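Residue-level structural notes
Next come the chains, spelled out residue by residue.
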Amino acid sequence: MASLLISPPPLTVINASVVPLPTQDDLPCDDGMPMETLRHNFQLSLLIDALHSWLAARDNGFAGGNMFLYYSLEQVRHNPFVGPDFFVALNVPKGERKSWVVWQEGKGPDVVVELLSESTARYDKTAKKSIYASQVRTPEYYWYDPFDAKDFAGFILSNGDYRPLPVNAQGRIHSPALNLELGPWSGAYRDVTADWLRWFTPQGELLPTEAEAAQQHAEAAQQRAEAAQLRAERLAERLRQLGIEPDLL
């Protein structure tokens, strides 16, 4: 499991007094710009939803997205806002964040996924990818076009640059950091049928959302109840064959 601890920049000294580093409460957290489309919004929710339950079961990390990432004071001074569409940070406390501040959290994201659009695809594949490799040093970087499942790729950081991760026969990519697979899945989410980017176990099982998990539990309970009812009916029939009325027992 690859994780990276990024040392915070030194404190700024002004008039011989030490100025504390800004925290998420001090830094801008909203540029007022919504995600490109409803499909992009749903895709982000789907990635977070399934992984949130998986992380909660392990008490081991944070999954979020569409928030600012602050990785250096130089970035703060020049206001070049960087925000991953989706990211995962392992070995950090659970809890709400306004932004991800590297020197406050003690580390950067372990995994970043960018959701491509016509206006961002070139930037996500070039300049932004370079920022995550050379400045944030995020171990894994992925991109996916919610309207074109073929435009999907993943990369792992190696010697300061990203090298491609292989795509398996099912069209999925194994994440070394999470030991999960990431890949397209055709189906309905929030009444929209499309090719969605989903998480899978190494065995190829779909990582369910909270709603899907609840439905699976309900269906399993229903199956157990039906099996118990069938066993009771068979036992009652067997008792009647022996001349015993089960209702009188």
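Figured I'd write up the structure that's included with this text. Note that the coordinates shown come from a computational prediction; the quantities given were computed from them, not determined experimentally. (Residues numbered from 1 in each chain as written. Predicted model: local features only at pLDDT ≥ 70, side-chain atom pairs only at ≥ 80, totals over all residues. Heavy atoms only, no water.)

1. Concerning the sheet that holds strand β12 (residues 180-189)
Applied cut-off: The rule for pairing is simple: two strands pair if DSSP sees at least two bridges between them. Each helix corresponds to a stretch of at least 4 residues labelled H or I by DSSP, and each strand to a stretch of at least 2 residues labelled E; elements are numbered beginning at the N terminus. Fitted lines through C-alpha atoms serve as axes, helices being fitted only where they are in contact, and the angles separating the N-to-C directions of these axes extend from 0 to 180 degrees. The contact criterion used is simple: two residues touch if any of their non-hydrogen atoms lie within 4.5 Å.
Reading across from one edge, β11-β12-β13 is the order of the three strands in this open sheet, with antiparallel pairing throughout. If you trace the sheet from one side to the other, it starts and ends with β11 (173-175) and β13 (192-200), each paired once. The mean angle between the axes of side-by-side strands here comes to 40°, regardless of whether they run parallel or antiparallel. Looking at chain direction, β11 and β12 are connected through three bridges and run antiparallel. Of the residues in β12, the one forming a bridge with H174 is E181. Across the sheet, helix α1 (residues 38-58) lies against β12 and β13, angled at about 35° from β13, the strand it touches most.

2. Quick notes on the pairing of strand β7 (residues 111-115)
Convention followed: Relative accessibility under 20% of the residue-type maximum defines a buried residue, over 50% an exposed one, and the middle range a partly exposed one, all with a 1.4 Å probe and only protein chains included.
Of all five residues in β7, five are buried, a share of seventy percent or more. Side chains V111, V113 and L115 of β7 all project onto a buried face; the interleaved residues V112 and E114 project onto the opposite face, where all are buried too.

3. Topic: unusual backbone geometry
With a phi angle near 55°, N179 is a residue other than glycine that sits in the positive phi range. Tracing the chain through its elements places N179 in the loop between β11 and β12.

4. So, the sheet that holds strand β5 (residues 86-89)
Pairing within the open sheet is mixed, and its six strands lie in the order β3-β5-β7-β8-β9-β10. Whereas interior strands pair on both sides, the edge strands pair on one side only; in this sheet they are β3 (62-64) and β10 (161-164). Geometrically, the sheet is characterised by an average inter-axis angle of 20° between neighbouring strands, direction not taken into account. α1 rests against β3, β5, β7 and β8 (140-145) of the sheet, and its axis sits at about 15° to β5. Set on the sheet, helix α5 (residues 127-136) makes contact with β7, β8, β9 (148-158) and β10; between it and β8 the angle comes to about 160°.

5. Concerning the pairing of β12
In textbook terms, the turn of a hairpin is the stretch between consecutive antiparallel strands, and for β11 and β12 this stretch comprises four residues, one of which, N179, has a positive phi near 55°. Examined bridge by bridge, β12 and β13 share nine bridges and lie antiparallel to one another. Looking across to β13, one finds that P184 is bridged to L197.

6. Quick notes on the pattern of salt bridges
What counts here: By definition, a salt bridge exists where a carboxyl oxygen of Asp or Glu is found within 4 Å of a side-chain nitrogen of Lys or Arg.
Tallying each qualifying case throughout the model produces seven salt bridges. A salt bridge links E181 to R172, with the nearest nitrogen and oxygen atoms 2.9 Å apart. Among the residues examined, E181 registers a relative accessible area of 11% and is labelled buried. A residue is classified by how much of its surface remains accessible, and R172, at 11% relative accessible area, is buried.

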